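Below, each chain spelled out in residue letters.
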Amino acid sequence: MIRLLKGDITKVNTDAIVNAANRTLLGGGGVDGAIHRAAGQELLEECRTLNGCETGEAKITKAYQLPCKYVIHTVGPVWHGGKKSEEELLGKCYWNSMVIAKENEIKSIAFPAISTGVYGYPKRPAAKIAVDTVKKFMEQFPETVEDIYFVVFDEESLKIYESILV
Ligand code: AR6
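Residue positions are given per chain, counted from 1 along the sequence in the order it is written. A pLDDT threshold of at least 70 governs which residues receive local features in this predicted model, and a stricter bar of 80 or more applies before side-chain atom pairs are shown or counted, although totals over entire chains, interfaces and linings include all residues. Side-chain numbers come from the whole structure's heavy atoms, not from hydrogens or water.

- Per an unreviewed UniProt entry, the recorded name for the chain is O-acetyl-ADP-ribose deacetylase (Regulator of RNase III), and the organism is Faecalicatena orotica.

## Details of the packing of aromatic side chains
Part 1 of the reasoning: Planes of paired rings set the category: under 30 degrees apart is stacked, over 60 is edge-to-face and the rest tilted, where pairs are Phe, Tyr or Trp rings (Trp by its six-membered ring) whose centres lie within 6.5 Å. Tallied over the full model, the rule gives seven aromatic pairs.
Part 2 of the reasoning: Between the aromatic rings of Phe-150 and Tyr-161, the centroid separation amounts to 5.3 Å while the plane-to-plane angle is 35 degrees, which identifies the pairing as tilted. Of the two residues, Phe-150 sits in strand E6 (residues 147–152) while Tyr-161 sits in helix H5 (residues 155–165), which places them 11 residues apart along the sequence.
Part 3 of the reasoning: Only Lys NZ and Arg CZ are tested; either one counts as a charge over a ring when it is within 6 Å of the ring centre and within 35 degrees of the ring normal. Positioned above the aromatic ring of Phe-141, the side-chain terminus of Lys-102 is 4.7 Å from the ring centre.
Part 4 of the reasoning: The ring of Trp-95 has Lys-136 lying over it, and the distance from NZ or CZ to the ring centre is 5.6 Å. The helix and strand labels rest on DSSP assignments: H or I over at least four residues marks a helix, E over at least two residues marks a strand, and numbering proceeds from the N terminus.

## A look at the pattern of salt bridges
One side chain can pair with another of opposite charge once the charged atoms of both are near each other.
Part 1 of the reasoning: Put simply, a salt bridge is a Lys or Arg side-chain nitrogen that is within 4 Å of an Asp or Glu carboxyl oxygen. Summed over all chains, the structure comprises eight salt bridges.
Part 2 of the reasoning: Notably, a salt bridge pairs Asp-8 with Lys-11, separated by 3.9 Å at the nearest N-O pair.
Part 3 of the reasoning: With a shortest N-O distance of 2.8 Å, Lys-69 and Asp-15 are connected by a salt bridge. With Lys-69 in the loop between strand E3 (58–62) and strand E4 (70–75) and Asp-15 in the loop between strand E1 (2–6) and strand E2 (16–21), the pair connects residues that are 54 residues apart, well separated along the chain.
Part 4 of the reasoning: On the basis of relative accessibility, which here comes to 52%, the residue Lys-69 falls in the exposed class.
Part 5 of the reasoning: For every residue, the accessible area obtained with a 1.4 Å probe (protein chains only) is divided by the maximum for its type, and the residue is called buried under 20%, exposed over 50%, and partly exposed between those limits. Of the residues examined, Asp-15 reaches a relative accessible area of 15% and is grouped as buried.
Part 6 of the reasoning: Within this structure, Lys-6, Glu-155 and Lys-159 form a network of salt bridges that share partners.

## What about the site of the ligand?
Part 1 of the reasoning: Around the ligand there are 20 residues in total, and Asn-22, Gly-29, Val-31, Asp-32 and Gly-117 lie nearest to it.
Part 2 of the reasoning: Any pair of nitrogen or oxygen atoms within 3.5 Å is treated as a polar contact; in protein, a donor-acceptor pairing is required on top of that, and neighbouring residues in sequence qualify only through side-chain atoms on both sides. One of the backbone nitrogen or oxygen atoms of Gly-29 is found 2.7 Å away from an oxygen atom of the ligand.
Part 3 of the reasoning: Between the ligand and Thr-116 there is a distance of 2.9 Å, counted from an oxygen atom to a side-chain nitrogen or oxygen.
Part 4 of the reasoning: Each accessible area is a Shrake-Rupley result for a 1.4 Å probe, and residues are judged covered by the shown protein chains and nothing else. Computed on the free molecule, the ligand has an accessible area of 700 Å², of which 90% lies beneath the protein chains in the complex.
Part 5 of the reasoning: For cavity detection a 1 Å grid was placed over the protein atoms alone, and a set of points counts as a cavity when a 1.4 Å probe fits there but cannot get out; an open set counts as a pocket when protein lies on both sides within 12 Å along at least five of seven lines, with lining residues being those that have an atom within 4 Å of a point. Any molecule with more than half of its atoms within 2 Å of a cavity's or pocket's grid points is counted as sitting in it. Comparing atom positions with the cavity grids shows the ligand to sit within the largest pocket.
Part 6 of the reasoning: If you list the elements that add at least two residues to the shell around the ligand, you get E2 and helix H1 (30–39).
Part 7 of the reasoning: Counting residues per element, the shell around the ligand draws most heavily on H1, which supplies four residues.
Part 8 of the reasoning: Class assignment for the residues of the shell around the ligand results in nine nonpolar, nine polar and two charged. One heavy atom within 4 Å of a molecule or strand makes the whole residue count as near it. Classification convention: Asp, Glu, Lys, Arg as charged; Ala, Val, Leu, Ile, Met, Phe, Trp, Tyr, Cys, Pro as nonpolar; all other residues, Gly among them, as polar.

## Remarks on empty space enclosed by the protein
Part 1 of the reasoning: Grid points are joined across faces, edges and corners, and a volume is the space filled by probe spheres set on the points. Per the counting criterion, the structure on display carries one cavity of 30 Å³ or more.
Part 2 of the reasoning: Taken together, Tyr-94, Ala-113, Ile-114, Thr-116, Lys-123, Ala-126, Ala-127, Ser-157, Ile-160 and Tyr-161 make up the full set of residues lining the largest cavity.
Part 3 of the reasoning: Sorting the residues of the lining of the largest cavity by element identifies helix H4 (123–140) and H5 as the ones contributing at least two each.
Part 4 of the reasoning: Among the residues making up the lining of the largest cavity, the classes are represented as seven nonpolar, two polar and one charged.

If you want it as structure tokens, here you go:
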């Protein structure tokens with residue numbers, strides 16, 4: 001089942017939360033900064049062993065001080081106007097995060113609105129990709145991941161997801 005939440009993803013106690021990271025996987029601002037602060041120093045230490053991550057790919061770590069069990073780190077595309085495969089790359093973030101969830105027998109997962117902050121991806125098309133990609137995965141692989149939460153941080157994103165999820 002797909003659910004929509006407004007608030008801080010670091011408080012969510014799903015099996016996994018997804019981090020909108022950068023290619024270094026060594027932390028940053030926005031949701032990435034919040035996740036690293038809440039998880040503690042050990043998360044950074046594990047991330048150092050991963051040798052970064054390409055845009056559109058995803059890697060998993062433990063969650064340390066967070067209430068969830070795992071963090072799936074994915075790297076969204078920077079918005080360059082739509083002509084640099086941004087749509088395809090953003091879809092891959094959601095798809096590859098779901099693949100990792102399936103491989104790790106994760107039953108519940110929470111996604112932030114990847115790329116829609118510092119990386120500047122327009123919110124509505126990004127939300128459409130998020131919802132379409134997750135739905136497609138659940139159709140193709142039913143009975144793997146059971147609960148998907150889209151966690152939005154602002155009122156505008158909440159309204160956008162509400163209008164897409166009806
Ligand atoms: N919980 C849920 N959503 C949040 C939270 C939170 N605690 N904090 C922010 N958001 P961004 P990006 C929302 O900028 O665009 C970092 O520096 C926010 O309102 O975090 O993928 C990384 O290291 C927005 O809707 O990620 C990268 O360098 C969404 O999360 C870069 O930013 C994503 O905003 C990645 O940029």
